[in-house]
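# Understanding the architecture of this molecule
In case you want the letters, here they are:
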Amino acid sequence: MDFDKPPVRQPPQQQPEGCLVVAIRLPVRIVALVLVLPVRMAWDALVVACRFLNDLLLRPLGRALLWLGRVLVVLPLVGLWRYVVVPVGKALAWLGKVLVVAPLVWCHRYLLTPVGHALLWLYARVLTPAVIGLGATLAWLARYLVVVPARWLYEWVLVPVGRAVAWCVLGVGRFLALLVTGVGLVLYWVTRVVFVLPALALWRWVLAPVGRVLALVGREVWDALRHAWRVAGHISLVVGRFLGTLLRWIFVEPVRWVYRSVLTPVGHVVRDVVLRPAAVAARAVGRTVRQSLAAARASVRQARADVRRLLFGEPRQPQPVARREPSGRETRTLDSSTTALTKD
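Residues numbered from 1 in each chain as written. Predicted model: local features only at pLDDT ≥ 70, side-chain atom pairs only at ≥ 80, totals over all residues. Heavy atoms only, no water.

With that settled, consider the overall build of the protein chain. Helix and strand counts for the protein chain stand at one helix and two strands. From first element to last, N terminus to C terminus, the protein chain shows the α and β order α-β-β. Looking at the protein chain as a whole, 5% of its 344 residues qualify as buried. Sequence-distant contacts in the protein chain: of pairs separated by 6 or more residues, those separated by 24 or more amount to 54%. (Helix = DSSP H or I, 4+ residues; strand = E, 2+ residues; numbered from the N terminus. Buried < 20%, exposed > 50% of the residue type's maximum accessible area, 1.4 Å probe, protein only. Contact = heavy atoms within 4.5 Å.)

Structure below.
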């Protein structure tokens, strides 16, 4: 276990601000608030309008276009793939297998393989010894006609000449290095005195203070813009709530009162006085009509059965027949040809 407590991080101490910072901050924030407030209110109004447009128009339109694309594009493509492309592909694959793959396999198995075996045997038994003998002869000729003269030329001619040339080049290189070093030192000090020191003084005594002042002004302007944006957001929120409350009391509450106090009682009266009796009467008429139709169907069915009975007579009744079981006993069963009865 670790009994040592982790060190507590101290908050960073802010440096004290000077009078120049305080004198710049307040006017900049006032000007930034005046400039940013219309932009923030226009931005909030645009956001509300875009949300309203998205909820009422763009989202239903997108869903409709999605459904229309699915009906007009996806389903036809799926049907085309499933019922046209796949069967045609299978047929083409079968034709390719029968007309291309099978002949190629036969050619490889019964033609190319024997020819390859024959060529391999010819290479192993005939060509390999000939190539080995020719290679040994050429190696012996190259050794005594090329390698031995080249080695003698390298040891007795090229090496002494190369050493002499290298010694001369080394001396010239040392001389050039000394010359370049001297010229470099002169150019270094000239450049340092003429360019670097004035540029360093200009940066240290002119550009750095001006940059600090500009950075301070830029930071204060940025802070003022952020603060003005937040304040403008709160003001825009208050204005939006006021307009929403005003719209609710001018339009929404009167419409709600009319719906609740006028239209709802009238609707209830119309439902209780007109719609419900009409529905009860319609159900009673429907019930009567259904009973009348059922009675008519029963009468027609009975008349049809009577006509069939008069024309063809009574249907035959099933007669029992005897069937002998393996144990020797006889059982009484019905003939399968006489089990069908005529049904009305």
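Read on, since the account is not over.
Attention shifts here to the pattern of salt bridges. Tallying each qualifying case throughout the model produces seven salt bridges. Across the salt bridge formed by Asp272 and Arg271, the nearest N and O atoms sit 3.5 Å from each other. Salt bridges sharing partners connect three or more residues here, namely Arg248, Glu253 and Arg256. (Salt bridge = Lys/Arg side-chain N within 4 Å of Asp/Glu carboxyl O.)

Bringing the side chain of Arg40 into the picture now. By the element assignment, Arg40 lies in helix H1 (residues 19–312). Look at Arg40 and you get buried, because its relative accessible area is 17%. Polar side-chain contacts of Arg40 include one of 2.8 Å to the backbone oxygen of Trp229. (Polar contact = N/O pair within 3.5 Å; in protein donor to acceptor, adjacent residues only side chain to side chain.)

Of all hydrophobic cores here, the largest spans five residues; its members are Ala32, Val36, Ala224, Ala228 and Ala232. Apart from the residues within four sequence positions on either side, Ala224 is in contact with Val28, Arg29 and Ala32. (Core = buried A, V, L, I, M, F, W, Y, C linked by side-chain atoms within 4.5 Å.)

What follows is about the packing of aromatic side chains. The tally for this structure, following the rule as stated, stands at three aromatic pairs. Judged by centre distance (5.2 Å) and plane angle (50°), the ring pair of Trp140 and Tyr144 falls under tilted. One end of the pair is Trp140 and the other is Tyr144, both in helix H1 and four residues apart, which spans about a single turn. A relative accessible area of 53% means that Trp140 is categorised as exposed. With a relative accessible area of 47%, Tyr144 lands in the partly exposed category. The cationic tip of Arg143 hangs over the ring face of Tyr144; the distance from NZ or CZ to the ring centre is 5.8 Å. (Phe/Tyr/Trp six-rings, centres within 6.5 Å; stacked < 30°, edge-to-face > 60°. Lys NZ or Arg CZ within 6 Å of the ring centre and 35° of its normal.)

Right, let's get into the confidence of the model for the protein chain. Per-residue confidence for the protein chain gives a mean pLDDT of 82; residues scoring 70 or more make up 84%. The low-confidence segment residues 1–6 (pLDDT under 50) makes zero contacts with residues lying over four places distant or belonging to another chain. When the criterion is pLDDT under 50, residues 330–344 qualifies, and its contacts beyond four places in sequence or with other chains add up to 29 contacts. (pLDDT = per-residue confidence, 0-100.)

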